[in-house]
Amino acid sequence: MAGAIGLRAGTGRAIARPALGESPAARWLLIGLSLVFLSLFLALPLVTVLVEALRKGLGAYLASFNDPAALSAIKLTLLVAGIAVPLNLVFGLAAAWAIAKFEFRGKPLLITLIDLPFAVSPVISGLIYVVLYGAHGWLGPWLAAHDMQIIFAAPGIVLATVFVTFPFVAREVIPLMQEQGTEEEQAALTLGAGGWQTFLRVTLPNVKWAVLYGVILCNARAMGEFGAVSVVSGHIRGKTNTLPLHVEILYNEYNFVAAFAMASLLALLALVTLALKSLVEWRSRGAMQAAHAATPDDMTPDAEGLP
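The residue count restarts for each chain, going from 1 along the sequence in the order it is written. Where totals are concerned, whole chains, interfaces and linings use all residues; where local detail is concerned, this predicted model gives features only for residues with pLDDT of at least 70, and gives and counts side-chain atom pairs only at 80 or more. The side-chain numbers reported here are obtained from all heavy atoms of the structure, hydrogens and water having been left aside.

## Describing the layout of surface pockets
Here is step 1 of the chain: As defined here, a cavity is a set of points on a 1 Å grid over the protein atoms alone where a 1.4 Å probe fits but cannot get out. A pocket is an open set with protein on both sides within 12 Å along at least five of seven lines, and residues line them when an atom is within 4 Å of a point. Grid points are joined across faces, edges and corners, and a volume is the space filled by probe spheres set on the points. In this model, the second largest pocket occupies a volume close to 240 Å³.
Here is step 2 of the chain: Lining the second largest pocket are Ile 216, Asn 219, Ala 220, Met 223, Gly 224, Leu 266, Ala 267, Leu 269, Ala 270, Val 272, Thr 273 and Leu 276.
Here is step 3 of the chain: In this text, helices come from DSSP runs of H or I with a minimum length of four residues, and strands from runs of E with a minimum of two, each type numbered from the N-terminal end. Elements with a minimum of two residues in the lining of the second largest pocket: helix 12 (208-224) and helix 15 (256-294).
Here is step 4 of the chain: Considering only residue class, the lining of the second largest pocket consists of nine nonpolar, three polar and no charged. All residues other than Ala, Val, Leu, Ile, Met, Phe, Trp, Tyr, Cys, Pro, Asp, Glu, Lys and Arg, Gly among them, are scored as polar; the first ten of these are nonpolar and the last four charged.

The following block contains the structure:
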């Protein structure tokens, strides 16, 4: 295997060499397998959704969105995401700031709890809320006595969505904060800045792209969550069905055009999420390159000053 960088004999100049020495046939085989995989598991399903949604024409497609149950599902999906994402943004920033900038007892436990939704099935998380807040659950009688309903209502859907989505912001921000260290914050405190000033003017600007990236992923999961929401919603048509649940009901009723029309809306949201994700990654790389170019490299020796 050839090295990636070599020295031109007699000049000391670096010359680029291919990192790997695969034959053209091997490269084309790998590219072909990747394209086939992407076509079968990503592109083809998206095309199928659009084709089925427009099978009876554009009029039938648009009429699917005039159904009161469909409008209710769209509104509930947006409402749940609008509540869950800001809550997870606040929690993610607080958890990342605490873990990356401070030392305290229970820190490994907090990190483990943040990863818990990745290890627990969404259906299990929904059942946990039913056991806690259901009519026959631990807190069910007290909630009923105070005329409060969590399960089979919007609050239960919000709680389940918050649970399955709360790691996304924290997991994007924690590694970046840990890598940056605490030197800039300590300098700001030394100059007389308060805690909130340090966070808003030093810490937050340094992690803004990671925060935005985490928010995008959190919003995508919140709008597309099915398992946990299915358990706590009760599938009450026009009241507690989010878009994914409404798609399932329409499909089970053999209303394929309406089902795929709703699915196409979710697919559109997914494509918008991917576009925003790519934009954030591009802007983040540009910001990092600009910051690196603006920072003088004092550690690089001057070739003319060397003996």
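## Focus: the nonpolar core
Here is step 1 of the chain: Among buried residues, the Ala, Val, Leu, Ile, Met, Phe, Trp, Tyr and Cys ones that are joined through side-chain atoms within 4.5 Å form a nonpolar core. Only protein chains enter the accessibility calculation, which uses a 1.4 Å probe; a residue whose area is less than 20% of its type maximum is buried, one above 50% is exposed, and one in between is partly exposed. Counting residues in hydrophobic clusters, the biggest one holds 19 residues, and the most contacted among them are Ile 114, Val 173, Ile 174, Met 177 and Val 211.
Here is step 2 of the chain: Contributions of two or more residues to this core are made by helix 3 (68-101), helix 9 (167-180) and helix 12.
Here is step 3 of the chain: What makes two residues a contact is simply this: any of their non-hydrogen atoms within 4.5 Å. Contact partners of Val 173, with chain neighbours within four places excluded, come to Ala 96, Val 207, Ala 210 and Val 211.
Here is step 4 of the chain: Among the nonpolar cores identified, the runner-up in size contains 16 residues, and Val 158, Val 164, Val 232 and Leu 245 belong to it.

## Some words on the packing of aromatic side chains
Here is step 1 of the chain: Only Phe, Tyr and Trp rings are paired, with Trp represented by its six-membered ring, and only when their centres lie within 6.5 Å; those with planes under 30 degrees apart are stacked, over 60 edge-to-face, the remainder tilted. In this structure the tally under the stated criterion is 13 aromatic pairs.
Here is step 2 of the chain: Summarising the aromatic geometry, the rings of Tyr 61 and Phe 65 are spaced 5.4 Å apart at their centres and angled 70° between planes, so their arrangement reads as edge-to-face. The same class applies to Tyr 61 and to Phe 65, which are both buried.
Here is step 3 of the chain: Ring geometry for Tyr 129 and Tyr 133: centres 6.1 Å apart, planes at 15°, overall stacked. Linking Tyr 129 with Tyr 133, this pair stays in helix 6 (residues 122-133), spanning four residues, or about one helical turn.
Here is step 4 of the chain: Owing to a relative accessible area of 14%, Tyr 129 belongs among the buried residues under this scheme.

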